[in-house]
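# Residue-level structural notes
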Amino acid sequence: MVPDPGLLGEVVVSSVNPITVKEDTIEYKASAYKVREGAPVEDVIKKLPDVVVDKDGGITAQGKTVSRVRVNGKDFFGGDVQTATKNLPADIIDNIQIIDDYGDQANLTGIKGDDPEKIININIRRDRNKGYFGSVTAAAGNDERYAGGLVANRFNNEQQISFIGSINNTNSNLFNFGGGGRGGGARGANFGGGERGGFGAGNGITLSKSAGLNYRDAWGKKIQVYGSYSYSGRDNRSISSSESQDINPKNIRFTTSDRTSQSTNDNHRLTFNLEYRMDTANFLKLSPYFSTSTLSSTSQGESSISRPGYHTFNANQNSGNSSAPNGGTDFSFNHRFPKRGRNFNISGTYNYSYRDADQSIYNTYANTDSSIIPITEMDTIQKQGIGSINKNIRTQARVSYTEPIAQGTYLELNYEWNRSATNNEKTVNDIDPISDAETFNIVQSNHFDYQFVTNRIGANIRVQRKKYNYTIGVVSQPSTLSGQSIGKNISTSYHNTNWLPSARFVYNIARGNTFTATLNGSSREPDFFQLQPVADSSNLNNIVIGNPNLQAELTRRLSVQYNKFDAKSGRSLFSNISFDQTDNKIVNSRINNVSGTGRTTTYLNTDGFYNISANGSFTQPFSNRKYSTTLSVFGTYNNNISYTDYQRNKGRNLNIRPSAVFRVDLENIIDAQVNVGYTFYNTTTRYATYTNTTRAKTLNLGVGGKNYFFKDLTLGYDFTKTINYNFSSNVNSNPVILNLYTEYRFLKRKVATIRLQGYDLFNQNTGITRTINETTITDSRTNRLARYFLLTFNLRLQKFSGTGGFQRNQNRQGREEDGQFNRQQGDGQGGGRQNGGGGGFRGGGGGGRNN
């Protein structure tokens, strides 16, 4: 036999799956979800299964709101969600992780206590972690619409410096300092950037401006630091109308209102983190933070309240100013002993918050009594100046110790001390509407202090095996709540001990197939507004008075999660269900006046409250992820307890939102989706002798996406039709929203883009919401930014070490590290969203939303 030599053609071997499912993390390979070069990370996130990006840029994953974003494992701009997703380019991303985060202590010790927060971690590709990248944006349109932005980043491995600045009057979201996040009140926020997405989102008309600087570096081999400074200013004007119905059989009443408001809000926020890894056994983290905000607002409105025999017309004017500094620090120290599994951790938090507010109110009431003959009328004028100062100090200390007692079995002991101390001073002056003479109102003024202290003692057994792990234990929580009204001889004191379960079970059925069950509990103290026994009579039709005898709430929670991903077919299933039961739930107790339309609201503790929520999403890709279908459903059911005129009421609220999305993703041809969503509301309120049921429905239809022509020309579109059923007549609206844009790329390496876009071409954008609160159903309508046109210029630059200049080809970059996904057997996983038109200006729409 004679050998016959030959050259084998190019063979690409890749074992990378587009989705990796782990215990608390779902990881998506970014290169498996193709987007246009220069696109932001948000465009990739929109394609991830069971992840929803709404029109405001907020993100929901597996049915829970994403509260924070990290880059390479560290907070980026304090965790702002849209800062990273709208301003980081997709072509530098390696993977995106959706994580159930239990906090720094859990990451260090493995002890997972309270409910996790949902976060996103964006990992940068190694070959894109050293260089410069950024963009400049300028936009102008009709009706004096404009937008401008600057994004600049310098990444040098561990060192990252980022600057973002923006100004616009197109309702793009900026730092709003309203986000959550563990570890301090100054953390977490939302940011909308640049020219992409968010235009027209939100209620009212808003002028926004912002600037921020993010810094991260390694100071030697043992110390890492990262932090940010952010400024945000917002000037908002909104016009709203609402109609509400109180279905209390003893006092059926209808309320209509119209309101115009103007507010100016300025915020500053500074965060800093220092991580000191002393050696392999000891780790220390310090996280100081500071924020301050000022708010100035004015509003005026009219309302009409009717009940059998009585009617009140109210005209009101309000203005106010407030300032609220807030600061503190978190710390954590962890020590690993030489014996494997033995661990000691101590952590703590100190937070100081202060709020100084002044308010001026002017109300006129025209009351009509037709229950008797002759009909009587009475007018009332109320003018007051209200000043309040609120101080709060929260202190927490926690110690935990883990001891191995057998192979793969550990004993965990922990103790946590929490103290919240609040001081509230309220001064009310009655003002004569004619002479403006002020008189001190001693009845409504108050100085109230209260303290809430808990001691949480826990013991757990944790077992780790190859296929499963579980934790089971118990928590004892003694608590003390005490308060006193200075000068009024009013005090409250409450002591209690609660026993809470602590259990968690994780079973790794197979690769990409996990089952998790968690049982835990928590308590919540009443706030000072609910406790202080002094009437707030700033609205004579709804006087509010606290209850000093309130007890803390106790909530027990059971949640179950099942995730499955099939690498061969690309099929994915994500599902979860949770059940909450609350003892001593703090609820409203409303007592209507025997005559007239006024009422008094106070607070009570009661049992019987529970809530069930479930979320499921199934995605099936076809033809190498060129097509995909996603079916999803979200539902909630709660049994809400309230009291009206001394009657105990059960309000059972059902909300179901099924949706379906079909996506087409042909590279450099079309990236589009068709979606349909349906929302069903059902509210049943049960009284002792009467049951009332109300229903409402919303149907959302949408088509959104992008078509590519001649390599550099893009046509984008976002069409949504919303149909509302059984909403109140004065707020009902079935808007048709159509957004279009055409975009052209030019200059060398296509770094420049010019876009002409038209927003809400049919001029029908409006905000419709339904709120169910105890025995009252309220339908509201608020103005939103309607039709306008905008011309936008964007210049993008990137330069990374080793690329030989500015690099624009995202597809070639993806192949360098990830291989040819199109040749990989079983690589498939297409994207699908529960809602929204993909690629328009709003980044979403439809999918079972009601607003």
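Note that the structure is a prediction, hence the values are computed from the model and not measured. (Residues numbered from 1 in each chain as written. Predicted model: local features only at pLDDT ≥ 70, side-chain atom pairs only at ≥ 80, totals over all residues. Heavy atoms only, no water.)

### Quick word on the overall build of the protein chain
When helices and strands are counted, the protein chain shows 5 helices and 40 strands. Per-residue burial for the protein chain yields a buried fraction of 54% across its 851 residues. The contacts in the protein chain between residues at least 6 apart in sequence include a share of 67% that link residues at least 24 apart. Within the structure as shown, the protein chain displays about 36000 Å² of accessible surface, and the carbon and sulfur contribution to it stands at 55%. (Helix = DSSP H or I, 4+ residues; strand = E, 2+ residues; numbered from the N terminus. Buried < 20%, exposed > 50% of the residue type's maximum accessible area, 1.4 Å probe, protein only. Contact = heavy atoms within 4.5 Å. Areas by Shrake-Rupley, 256 points an atom, 1.4 Å probe, with all protein chains shown as cover.)

### Structural notes on unusual backbone geometry
Following Ile 373, the chain continues into Pro 374 via a peptide bond in cis, with omega recorded as 5°. Relative to the helices and strands, Pro 374 is located in the loop between strand S17 (343–369) and strand S18 (376–406). Positive phi is not limited to glycine here, since Phe 710 has a value of about 50°. Looking at the element boundaries, Phe 710 is found in the loop between strand S34 (691–709) and strand S35 (713–725). Exposure remark for Phe 710: the relative accessible area of 75% places this residue in the exposed category. Positive phi, close to 50°, is recorded for Asp 760, a residue that is not glycine.

### A closer look at the pairing of S18
Residues in a regular strand project their side chains so that they alternate between the two faces of the sheet. Both S17 and S18 contribute to a ladder of 27 bridges, which runs antiparallel. In the sheet register, Asp 358 faces S18, and the bridge partner there is Gly 387. The antiparallel pairing of S17 with S18 creates a hairpin that spans 6 residues between the two strands. Hairpin connection between S18 and strand S19 (residues 409–431): a loop of 2 residues separates the two successive antiparallel strands, and Gly 408 in this loop has a positive phi of roughly 75°. (Pairing = 2+ DSSP bridges.)

### Thoughts on the pairing of strand S39 (residues 776–783)
Counting buried positions along S39 yields 6 of 8 residues, so the element is predominantly enclosed. In this structure, strand S38 (residues 766–773) lies alongside S39, joined through 8 bridges in antiparallel fashion. Each bridged residue has a counterpart across the sheet, and for Gly 767 the counterpart in S39 is Thr 782.

### Brief notes about a nonpolar patch on the surface
Together, Val 136, Leu 150, Ile 161, Phe 163, Leu 213, Tyr 229, Leu 270 and Phe 290 line one region of the surface with nonpolar side chains, adding up to about 650 Å² of accessible area. In this structure, Leu 270 sits in strand S14 (residues 253–277). (Patch = residues over 30% accessible without salt bridge, like charges linked within 9 Å, V, L, I, M, F, W, Y side chains within 5 Å. Salt bridge = Lys/Arg side-chain N within 4 Å of Asp/Glu carboxyl O.)

### With respect to the side chain of Thr 514
Locating Thr 514 in the fold gives a position in strand S24 (residues 513–524). Apart from residues no more than four positions distant in its own chain, Thr 514 is found in contact with Val 21, Lys 22, Tyr 507, Asn 508, Gln 561, Tyr 562 and Asn 563.

### Considering the confidence of the model for the protein chain
Put simply, the protein chain has an average pLDDT of 84, and 87% of its residues get 70 or more. Counting interchain partners and residues more than four positions distant, the pLDDT-below-50 stretch residues 7–15 has 5 contacts. (pLDDT = per-residue confidence, 0-100.)

### Some details on the nonpolar core
Within the largest apolar cluster, 40 residues are counted, with the highest numbers of intra-cluster contacts made by Tyr 28, Ile 45, Ile 59, Ile 93, Ile 96, Ile 120 and Ile 122. For Ile 93, the contacting residues outside a window of four places in its chain are Ala 30, Val 41, Ile 122, Asn 123, Ile 124 and Arg 125. (Core = buried A, V, L, I, M, F, W, Y, C linked by side-chain atoms within 4.5 Å.)

### Some words on the pattern of salt bridges
Scanning the entire structure with this criterion turns up 36 salt bridges. In this structure, Arg 68 engages Asp 75 in a salt bridge whose closest nitrogen and oxygen atoms are separated by 2.8 Å. Asp 75 shares its class with Arg 68; the two are buried. Two residues, Asp 580 and Arg 557, come together in a salt bridge whose shortest N-O distance is 3.2 Å.

### Observations concerning the environment of Lys 391
Position of Lys 391 relative to the elements: it lies in strand S18. On the accessibility criterion, Lys 391 (33% relative accessible area) is partly exposed. Placed 30 residues apart in sequence, Lys 391 and Ala 421 show a C-alpha to C-alpha distance of 8.2 Å. In this structure Lys 391 touches Tyr 352, Ser 353, Tyr 354, Ala 421, Thr 422 and Asn 423, once residues within four positions along its chain are discounted.

### Some points on the packing of aromatic side chains
In this structure the tally under the stated criterion is 15 aromatic pairs. The interplanar angle of 70° and the centroid separation of 6.4 Å between the aromatic rings of Tyr 28 and Tyr 33 together place this pair among those described as edge-to-face. Relative to Tyr 637, the ring of Tyr 610 lies with its centre 6.4 Å away and its plane at 40°, an arrangement referred to as tilted. Residue Tyr 610 is located in strand S30 (residues 609–622), and its partner Tyr 637 is located in strand S31 (residues 627–644); the two are separated by 27 residues in the primary sequence. Judged by relative accessible area, which is 22%, Tyr 610 ranks as partly exposed. In this structure Tyr 637 comes out as partly exposed when scored by relative accessible area, which is 26%. Ring pairing ties together the aromatic residues Tyr 468, Tyr 470, Phe 505 and Tyr 507, which thus form one cluster. Here Lys 585 stacks its cationic end above the ring of Phe 609, 4.4 Å away from the centre of that ring. The ring of Tyr 725 has Lys 697 lying over it, and the distance from NZ or CZ to the ring centre is 5.4 Å. (Phe/Tyr/Trp six-rings, centres within 6.5 Å; stacked < 30°, edge-to-face > 60°. Lys NZ or Arg CZ within 6 Å of the ring centre and 35° of its normal.)

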